[in-house]
Amino acid sequence: MIRFAAVSALALLTLAACERRDDPVAQPPAAAAPAPAEAAPPAPVDASTLTADGLGAARIGMTRADLVQVWGEDSQPNAVGGSDPATCDEFHPVNAPTDVRVMIQNGVLSRITLSRGATIKTDRGFGVGDTGMAIKQAYGGAVFAQAHKYQSAPAEDLFVWSRGGSTAFVTDPAARGIRYEVGSDGKVMMVHAGDPSIQLVEGCS
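**Student:** In this structure, what is going on with the environment of Pro 93? I would like to understand it.
**Tutor:** Among the secondary structure elements, Pro 93 is positioned in the loop between strand 4 (88-91) and strand 5 (100-105). Look past the residues within four positions of Pro 93 in its chain and what remains in contact with it is Trp 71, Gly 72, Glu 73, Asp 74, Ser 75, Val 100 and Val 102.

**Student:** Is there a simple way to think about the sheet that holds strand 2 (residues 54-55) in this case?
**Tutor:** Either a parallel or an antiparallel arrangement is found when strands of a sheet pair, and the pairing is made through backbone hydrogen bonds. An order of 3-2-1-7 is seen for the 4 strands of this open sheet, with the pairing classed as mixed. Among the strands making up the open sheet, the edge pair consists of strand 3 (58-59) and strand 7 (121-122). Where strand 2 lies against strand 3, 2 bridges are found, and the strand directions are antiparallel. Bridge pairing in strand 3 places Leu 55 opposite Ala 58.

**Student:** Got a minute to help me understand the nonpolar core in this structure?
**Tutor:** A general trend in soluble globular proteins is that nonpolar side chains are found buried together. One finds Leu 50, Leu 67, Trp 71, Leu 109, Ile 112 and Tyr 180 to be the most contacted residues of the largest nonpolar core, which totals 30 residues. Dropping the residues within four chain positions of it, Ile 112 is found in contact with Leu 50, Gly 54, Leu 55, Ala 58, Ile 60, Trp 71, Val 100, Arg 101, Val 102, Val 191, His 192 and Ala 193. Counting 5 residues, the second largest nonpolar core, distinct from the first, contains Trp 161, Val 170, Ala 175 and Ile 198.

**Student:** Explain the state of the cysteines to me, please; I cannot follow it from the model alone.
**Tutor:** In a disulfide, the sulfur atoms of two cysteines are covalently bonded to one another. Under the defined criterion, the tally for this structure stands at 1 disulfide. Disulfide pairing places Cys 88 opposite Cys 204 at an S-S distance of 2.0 Å. An S-S torsion of about -80° defines the bridge between Cys 88 and Cys 204 as left-handed. A residue pair is termed long-range when its members are at least 10 positions apart, and Cys 88 in strand 4 and Cys 204 in the segment after strand 11 (188-194) qualify at 116 residues. Classification of Cys 88 by relative accessible area gives buried; the value is 6%. Residue classification places Cys 204 among the partly exposed residues on the basis of a relative accessible area of 25%.

**Student:** Where do I start with the sheet that holds strand 5 in this structure?
**Tutor:** Read from one edge to the other, the open sheet built from 7 strands follows the order 4-5-6-11-10-9-8, with strand pairing classed as antiparallel. Sheet topology places strand 4 and strand 8 (144-147) at the edges, where each strand pairs with a single neighbour. Here the strands of the sheet are splayed against their neighbours by 20° on average, with no regard to which way each runs. In this structure, strand 5 lies alongside strand 6 (residues 108-114), joined through 6 bridges in antiparallel fashion. Counterpart to Val 102 in the pairing with strand 6 is Ile 112. Its contacts with the sheet place helix 2 (residues 64-71) against strand 4, strand 5 and strand 6, and it is angled at close to 160° to strand 5. The strands touched by helix 3 (residues 132-139) within the sheet are strand 9 (156-163), strand 10 (176-182) and strand 11, with strand 9 carrying the most contacts at an inclination of about 30°.

**Student:** Honestly, the pattern of salt bridges in this entry has me stumped. Any pointers?
**Tutor:** Oppositely charged side chains are able to pair whenever their charged atoms sit close together. In the structure shown here, the tally under the stated rule is 8 salt bridges. In the salt-bridge network here, residues are joined through shared partners; they are Asp 53, Arg 163 and Arg 176.

Thresholds, definitions, all that
Residues numbered from 1 in each chain as written. Predicted model: local features only at pLDDT ≥ 70, side-chain atom pairs only at ≥ 80, totals over all residues. Heavy atoms only, no water. Helix = DSSP H or I, 4+ residues; strand = E, 2+ residues; numbered from the N terminus. Contact = heavy atoms within 4.5 Å. Pairing = 2+ DSSP bridges. Core = buried A, V, L, I, M, F, W, Y, C linked by side-chain atoms within 4.5 Å. Buried < 20%, exposed > 50% of the residue type's maximum accessible area, 1.4 Å probe, protein only. Disulfide = S-S within 2.5 Å. Axes fitted to C-alpha atoms, helices over the stretch in contact; angles between N-to-C directions. Salt bridge = Lys/Arg side-chain N within 4 Å of Asp/Glu carboxyl O.

Listed below in structure tokens is the structure:
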């Protein structure tokens, strides 16, 4: 009788063990998938800083119609801005900063110029009245100096290409750069920013 009871107890224990092995193993809760990272908002455009890509909302490559929405129409519509305005025109938009001129080529903004009296500075802090020497020291090997077409040294043109440029004449329409036009007194007379049109020395030509 005792032997039968022992065997029965052993069978019950074996059955219980089997049932425990058949029970599903509890799994830890799955970690929640990380939320997708939100794209960083675009950096604000400084309306008082000239870059190779533009000045404030006026961006190189935008259409004339878009530029007019930003800065208004030509402040002197009867003035001659180019020999063939349909192909190339230069003017000061009525709402543009003081002494800032634009060049429109084939209906597209190709260049922004800071002329005498402009107080706007480039993204490196230079503008009209700064010395060519200070610009060369700041940019180092990134600046390409070229003799000025009409004035004697120390007059020169200092080119800094942010993309697509070289020391040779640049023709790539995607190129963007800044040209500091230095006069015979060694100081910047004008600053041109934009596409390869910054290399033009007589307005549209």
